[in-house]
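# Remarks on the overall topology
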Amino acid sequence: MTSQDSAAGLKSSSVAGIEDKARGAWRGWQERRRTRLSNRQMFYRHTVSVRVLHWINAICLAIMFMSGLQIFNAHPALYWGRYSDFDHPALWLTSEQDPQGHLRGITQIGTTRFDTTGWLGASSADGQMAERGFPSWATLPGPQWLAMGRLWHFFFAWIFVINGFLFVVYAIWSRHFQRDLLPKMSDLRHLGRDIVDHIRLRFPKGEAAKHYNVLQKIAYFSVVFILGPLIVLTGLTMSPTMDSVFPFLLWIFGGRQSARTIHFICAFSFLGFFIIHIVMVILAGPWNEIRSMITGRYAIAPEEPPHGN
Amino acid sequence: MGTDRRNFLARAAAGAGALALSACKGPSETTWFPKVLDSAEVLTKKVQRLFAGSTTLAPEFTKADISPFFKANGTLNPGTTDYNAAVANNFQDWKISVGGLVEHPLKLSLAELRALPSRSQITRHDCVEGWSCIGEWTGAPLKNILALAVPRANARYVVFYCADPMSGDPTDPQYYYESLDLIEACHPQTILAYDMNGEALSVPHGAPVRLRCERQLGYKHANNVQRLELAESFDHINGGNGGYWEDNGYTWWAGI
Ligand code: HEM
């Protein structure tokens, strides 16, 4: 009994101490938040059109990437040139049995082979190791089902293209393109400083935070005006009907199989852009950034932040 | 088309079936959602037709571009008793009949087919799986054969019936079949091919006669063709989708 009582007493006194500390910390945090809020400035950053187009694009890209991997898995090899030189793939996700009889996933790039069991070439679905290019968690739909993957890919291709077209028309018409996306000569002069700032993870404050910096401009500009058109054109080059209409597409990309390889590289460039994009959003303050893409409002920290460190 | 793809597609169909049985249903396993996705096929077809019309030619290549190895896909050998007998007798008695909505039903022997004006073309074969091979094809333009049979005014499609058994009860199998509309069927590069790379078509590549329709993906290029039927619609034929793979979820429009 007594030992229990004293244990309870000990507990309650230490709980009270922790509570005090927590309350103090909470008050301090609120204090700092109030000063931050009173110092910050809300700024209307994204128009409703840009926000809607942005999220439609995000959904399309996710679906097109994953259904594209499903299509790729039907023949998980890429080639360079007009036809498939089956003995010399540029990339091949394959599998083989090891001496113990286990299935190993192999990724072959050029003539170099890597063991990528569990990820590429062979991976488990429902606990069963099976031969497949990309793993089923990365493809849409999950099981091997080319016909369905193609239905997803070509339905969302239309939405992706119409949405992208509307964005470009809107951006030029509203001058968003000229004002915010097109890198200017004066921006390019800051290129070196911007790169250093990025490496040191210093994000702009005050007036400067209202505008995209030059690296952002270059990234957004090249995704919208280079990568986007390239993935659409290489996609169309793989269509035998479109090749009869625009044979020069084959000449530009060096043949249908090269176009397929470039299409694949573009898709992974989109993935790379997406990853950097997300890392930047997290580093720059995810709530503020995400709110600005949902409600349009973006908070700007004061020019000279009163911080001590 | 080839065994590889046959096996792959069979596995895919089995996987899809297993998934449909499982309790958790994604949108791909519902009946309504794939129909929504499928609506894009109509748009794709309309827009591609708007650009391509009836005349644009698929790119043709030179002899130097011919694939050293042309992958055979689909049924490598139909292997039925009738087909084996036809092979043994060098397809002497092989007939291609043209019927359905025509004024003059016909039956052509291989010799008669070869006697018709011919066209040779070095073109690229694009499998729906993603690979391509280039080969030279020689055959009779389908347009000329249809002209001999004289399609009726209400004929809209040509349905191709083949000798390769695909699935189902081995004693009463589902044979491969395909269909084209009259625009694609009368395209200058649409031929009933009997030679490949200057030699008589081999069994793995669809002997003795196969379809080439160069603006479409590989599964449209029916092998071992025996019978052509002109039809107003394909609703009443087999699964009602206009082809063997179409009945298994692939789109009828195979332009991309
Ligand atoms: C209008 C836009 C697009 C069109 C017309 C298109 C068309 C195609 C076609 C025809 C294929 C099949 C290739 C084959 O036969 O194997 C394909 C595959 C693929 N697509 Fe797209 N696509 C488009 C946009 C995209 C986008 C936006 C992404 C991803 C971000 C993407 C990712 C892929 C991937 C990963 C593959 C499989 C690998 C490959 O064959 O390159 N596609 N696409």
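This text gives an overview of the structure that appears in the document. None of these values were measured; they are calculated from a predicted model. (Residues numbered from 1 in each chain as written. Chains lettered and ligands numbered in written order. Predicted model: local features only at pLDDT ≥ 70, side-chain atom pairs only at ≥ 80, totals over all residues. Heavy atoms only, no water.)

## What about the site of the ligand?
- Close contacts around the ligand come from 24 residues, with A:Gly68, A:His153, A:Met238, A:Arg260 and A:His263 the closest.
- The ligand is flanked by residues contributed from chains A and B.
- One of the backbone nitrogen or oxygen atoms of A:Phe264 is found 3.4 Å away from an oxygen atom of the ligand.
- Where the shell around the ligand is concerned, the elements lending two or more residues are helix H2 (48-74), helix H3 (146-173), helix H7 (214-237) and helix H10 (256-284) of chain A.
- If you tally residues by element for the shell around the ligand, the top one is H2(A), at seven residues.
- Across the shell around the ligand, the residue classes break down as 16 nonpolar, five polar and three charged. (Near = heavy atom within 4 Å. Polar contact = N/O pair within 3.5 Å; in protein donor to acceptor, adjacent residues only side chain to side chain. Helix = DSSP H or I, 4+ residues; strand = E, 2+ residues; numbered from the N terminus. Nonpolar A, V, L, I, M, F, W, Y, C, P; charged D, E, K, R; others polar.)

## Some details on the pattern of salt bridges
Residue and element names in this part refer to chain A.
- This structure, assessed with the given rule, holds 22 salt bridges over all chains.
- Asp115 serves as the salt-bridge partner of Arg104, at 3.1 Å between the closest nitrogen and oxygen. Linking Arg104 in strand E4 (residues 103-109) with Asp115 in strand E5 (residues 112-115), this pair joins segments that are eleven residues apart in sequence.
- Overall, the relative accessible area of 48% leaves Asp115 in the partly exposed class. (Salt bridge = Lys/Arg side-chain N within 4 Å of Asp/Glu carboxyl O. Buried < 20%, exposed > 50% of the residue type's maximum accessible area, 1.4 Å probe, protein only.)

## Focus on the packing of aromatic side chains
- Applying the stated criterion to the full structure yields 36 aromatic pairs over all chains.
- Site record: aromatic cluster; members linked through ring pairs are A:Phe65, A:Phe72, A:Phe134, A:Phe264 and A:Phe268.
- Stacked on the ring of A:Tyr298, the Lys or Arg A:Arg45 has its end atom at 4.0 Å from the ring centre.
- The ring of B:Tyr161 carries the charged tip of B:Arg227 above its face, separated from the ring centre by 4.0 Å. (Phe/Tyr/Trp six-rings, centres within 6.5 Å; stacked < 30°, edge-to-face > 60°. Lys NZ or Arg CZ within 6 Å of the ring centre and 35° of its normal.)

## So, the sheet that holds strand E2 (residues 106-109) of chain B
Residue and element names in this part refer to chain B.
- One open sheet accounts for five strands, arranged E2-E1-E10-E5-E6; its pairing is mixed. On the outer flanks of this sheet lie E2 and strand E6 (174-181), each paired with one strand and no other. Adjacent strand axes in the sheet meet at a mean angle of 20 degrees when their direction is disregarded.
- Pairing of strand E5 (residues 157-167) with E6, which is carried by seven bridges, proceeds in the antiparallel orientation. When the sheet's bridge partners are listed, Tyr161 is paired in E6 with Tyr177.
- Against the sheet, helix H5 (residues 142-149) makes contact with strand E1 (95-100), E2, E5 and strand E10 (225-231), and its axis sits at roughly 135 degrees relative to E2, the strand it touches most. (Pairing = 2+ DSSP bridges. Axes fitted to C-alpha atoms, helices over the stretch in contact; angles between N-to-C directions. Contact = heavy atoms within 4.5 Å.)

## Focus on the packing of H3(A) against H7(A)
Residue and element names in this part refer to chain A.
- The geometry of H3 relative to H7 is characterised by a closest axis approach of 12 Å and an angle of 155 degrees between their N-to-C directions. One way to sum up the angle between H3 and H7 is to call them roughly antiparallel. You can see that H3 and H7 cross each other, and the crossing is left-handed. Here Phe160, Val161, Phe167 and Val168 of H3 lie close against H7, whose contacting residues are Val224, Phe225, Ile231 and Val232. (Parallel < 35°, antiparallel > 145°, perpendicular 65-115°, else oblique. Left-handed = near helix turned anticlockwise from the far one by under 90°.)

## Focus on the coordination of the iron atom of the ligand
Residue and element names in this part refer to chain A.
- Within the protein, the atoms that donate to the iron atom of the ligand are His153 (NE2) and His263 (NE2), at distances of 2.0 to 2.1 Å.
- Considering all six donor atoms around the iron atom of the ligand, the spread of angles at the metal, 85 to 180 degrees, places the coordination shape in the octahedral class. Placement of His153 in helix H3 and of His263 in helix H10 is noted, with a sequence separation of 110 residues between them. Comparing His153 with His263, the two get one shared label, buried. (Donors = N, O, S within 2.8 Å, 3.2 Å for Na, K, Ca; no water. Tetrahedral: all angles 85-135°; square planar, octahedral: opposite > 155°, others 65-115°.)

## Notes on the nonpolar core
- Within the largest apolar cluster, 103 residues are counted, with the highest numbers of intra-cluster contacts made by B:Leu113, B:Ile145, B:Phe160 and B:Leu228.
- Other than its neighbours up to four places away in sequence, B:Leu113 contacts B:Ile96, B:Leu108, B:Ala140, B:Ile145, B:Leu192, B:Tyr194 and B:Val209. (Core = buried A, V, L, I, M, F, W, Y, C linked by side-chain atoms within 4.5 Å.)

## Digging into the interface of chain A and chain B
- Between chain A and chain B, the residue contacts involve 34 residues of the former and 53 residues of the latter.
- Buried surface at the junction of chain A and chain B, summed over both partners, amounts to about 3,900 Å²; 67% is from carbon and sulfur atoms.
- Summed over the three residues of chain A that lose the most area to chain B, namely A:Tyr83, A:Trp158 and A:Pro240, the buried surface amounts to 16% of that side.
- On inspection of chain A and its partner chain B, the count reaches three salt bridges.
- With a closest N to O distance of 3.5 Å, B:Asp126 and A:Arg256 form a salt bridge.
- Elements represented by at least two residues in the side of chain A that touches chain B include exactly H2, H3, helix H8 (240-245) and H10 of chain A.
- Here the side of chain A that touches chain B gets ten residues from one element, more than from any other, and that element is H3(A).
- Tallied by class, the residues present in the side of chain A that touches chain B amount to 21 nonpolar, eight polar and five charged. (Buried area = accessible area lost by both parts, 1.4 Å probe.)

## Things to note about unusual backbone geometry
- Following A:Leu140, the chain continues to A:Pro141 via a peptide bond in cis, the omega torsion being -10 degrees.
- Secondary-structure assignment places A:Pro141 in the loop between strand E7 (128-132) and H3.
- Here the amide bond leading from B:Ala207 into B:Pro208 is cis, since omega sits at 0 degrees, within 30 degrees of zero.
- Mapping B:Pro208 onto the fold places it in the loop between strand E8 (199-200) and strand E9 (210-212).
- In this model, B:Asn197 sits at a positive phi of 50 degrees, which is unusual for a non-glycine residue.
- Its place among the elements puts B:Asn197 in the loop between strand E7 (191-196) and E8.
- Of the residues examined, B:Asn197 reaches a relative accessible area of 31% and is grouped as partly exposed.

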